[in-house]
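Overview (structure and organization)
If you want the building blocks of each chain, they are given just below.
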Amino acid sequence: MTVEAAVPQDWQAIGNLEALHAVCQRLFIPDPDERLVFGEGPDHARLLLLGEAPGEKEAAAGRPFVGNSGRLLDKYLQRAGLRREDAYVTNVLKIRPPGNRTPRTSEVKEALPLVIRQIELIRPAVIVCLGSIAVQAIVDRKAKITEIRGVWQEKDGVHIMPTYHPSAVFRDENKRELLKQDLSSVANVLSKLGT
Ligand code: URA
């Protein structure tokens, strides 16, 4: 995984997702045989799901959340009455950290301007932060997921629900219930906003 030397970017000048994707491809170079995972979904989705970083399956497919975590996420979205295909799904990091390690603070910092621009271009009404990396990236650098999860946040008019990452709930029945609860709350807010 390579992040090209900081190329000064006027991120605000990037006017659409296609152009942002192209910039990303210049800046973030995945390992050979892996792909950049920019994100997918409707350009102006009302709901944006933000994960941590692509895993092995995602880097092979070039798509977010297609492995075990993705299957679990899809199942719980469906139970909450949400359709994955209506949401924009992406991650803070667009390339897989070696060995699926947790992203470093420096990597999150490098990726952040692009994630912020991606969000600005999509203009979702609601963002679900899946896990602490996503919450710390866009809500509060010091947030603890166990304290903040399930508590609605608001930033620049966007409603943000911090919740557990699907990979954190596999072996924990309590966390699984909380993730389901948080996604139901997301479905309620989206239907109340009626946008
Ligand atoms: N975990 C993530 O955070 N994102 C993915 O796309 C897959 C697994």
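Details of the structure are given in the entry above.
Everything quoted here is computed from the prediction, not taken from an experiment. (Residues numbered from 1 in each chain as written. Predicted model: local features only at pLDDT ≥ 70, side-chain atom pairs only at ≥ 80, totals over all residues. Heavy atoms only, no water.)

Concerning the site of the ligand
Selection rule: Near is defined per residue: the residue qualifies when any heavy atom it owns lies within 4 Å of the molecule or strand. For this analysis, a polar contact is any N or O atom pair within 3.5 Å, provided that within protein one partner can donate a hydrogen and the other can accept it, and provided that sequence-adjacent residues contribute only side-chain to side-chain pairs. A 1.4 Å probe and the Shrake-Rupley method give the accessible areas. Residues count as covered only by the protein chains that appear here.
As a matter of local geometry, the ligand sits amid Gly51, Glu52, Ala53, Glu58, Pro64, Phe65, Asn91 and His165. Between the ligand and the protein, one listed contact pairs a nitrogen atom with a side-chain N or O atom of asparagine 91 at 2.7 Å. A distance of 2.8 Å separates an oxygen atom of the ligand from a polar side-chain atom of histidine 165. Burial of the ligand by the protein amounts to 92% of the accessible area it has alone, namely 230 Å².

A few points about the sheet that holds strand 3 (residues 47-51)
Keep this limit in mind: Each pair of strands is called paired provided DSSP finds at least two bridges between the two strands. Secondary structure elements follow DSSP: runs of H or I of four or more residues count as helices, runs of E of two or more count as strands, with numbering from the N terminus. Angles here are taken between N-to-C directions and fall from 0 to 180 degrees, while the axes themselves are lines fitted to C-alpha atoms, restricted in helices to the stretch in contact. What makes two residues a contact is simply this: any of their non-hydrogen atoms within 4.5 Å.
Strand order across the open sheet formed by five strands is 4-3-5-7-6, with mixed pairing between neighbours. Of all strands in the sheet, those bounded by a partner on one side alone are strand 4 (87-91) and strand 6 (153-155). Taking each pair of neighbouring strands and ignoring which way they run, the sheet shows an average axis angle of 25°. Two elements, strand 6 and strand 7 (residues 158-163), share three bridges in a ladder whose sense is antiparallel. Across the sheet, residue lysine 155 finds its bridge partner in strand 7, namely valine 158. Here helix 8 (residues 173-193) sits on the sheet in contact with strand 3, strand 5 (126-130) and strand 7, set at roughly 170° to strand 7.

Here's the deal with the packing of aromatic side chains
Where we set the bar: Working definition: a ring pair exists when centres of Phe, Tyr or Trp rings (six-membered ring for Trp) sit within 6.5 Å. Plane angles under 30 degrees give stacked, over 60 give edge-to-face, the rest tilted. Criterion for a charge above a ring: Arg CZ or Lys NZ at most 6 Å from the ring centre, at most 35 degrees from the ring normal.
With the rule as written, the count across this model stands at zero aromatic pairs. One residue, lysine 175, lies across the ring of tyrosine 164, its end atom 5.2 Å from the ring centre.

Re the pattern of salt bridges
In a structure, side chains of opposite charge can pair up when their charged atoms sit close to one another. Definition in use: For this document, the term salt bridge refers to a Lys or Arg side-chain nitrogen within 4 Å of an Asp or Glu carboxyl oxygen.
As enumerated under the stated definition, the model contains 11 salt bridges in all. Arginine 83 serves as the salt-bridge partner of glutamate 85, at 3.7 Å between the closest nitrogen and oxygen. Its salt-bridge partner being arginine 83, residue aspartate 86 comes within 2.9 Å of it at the nearest N-O pair. Linked by salt bridges that have partners in common, Glu40, Arg63, Asp74 and Arg84 make up one network.

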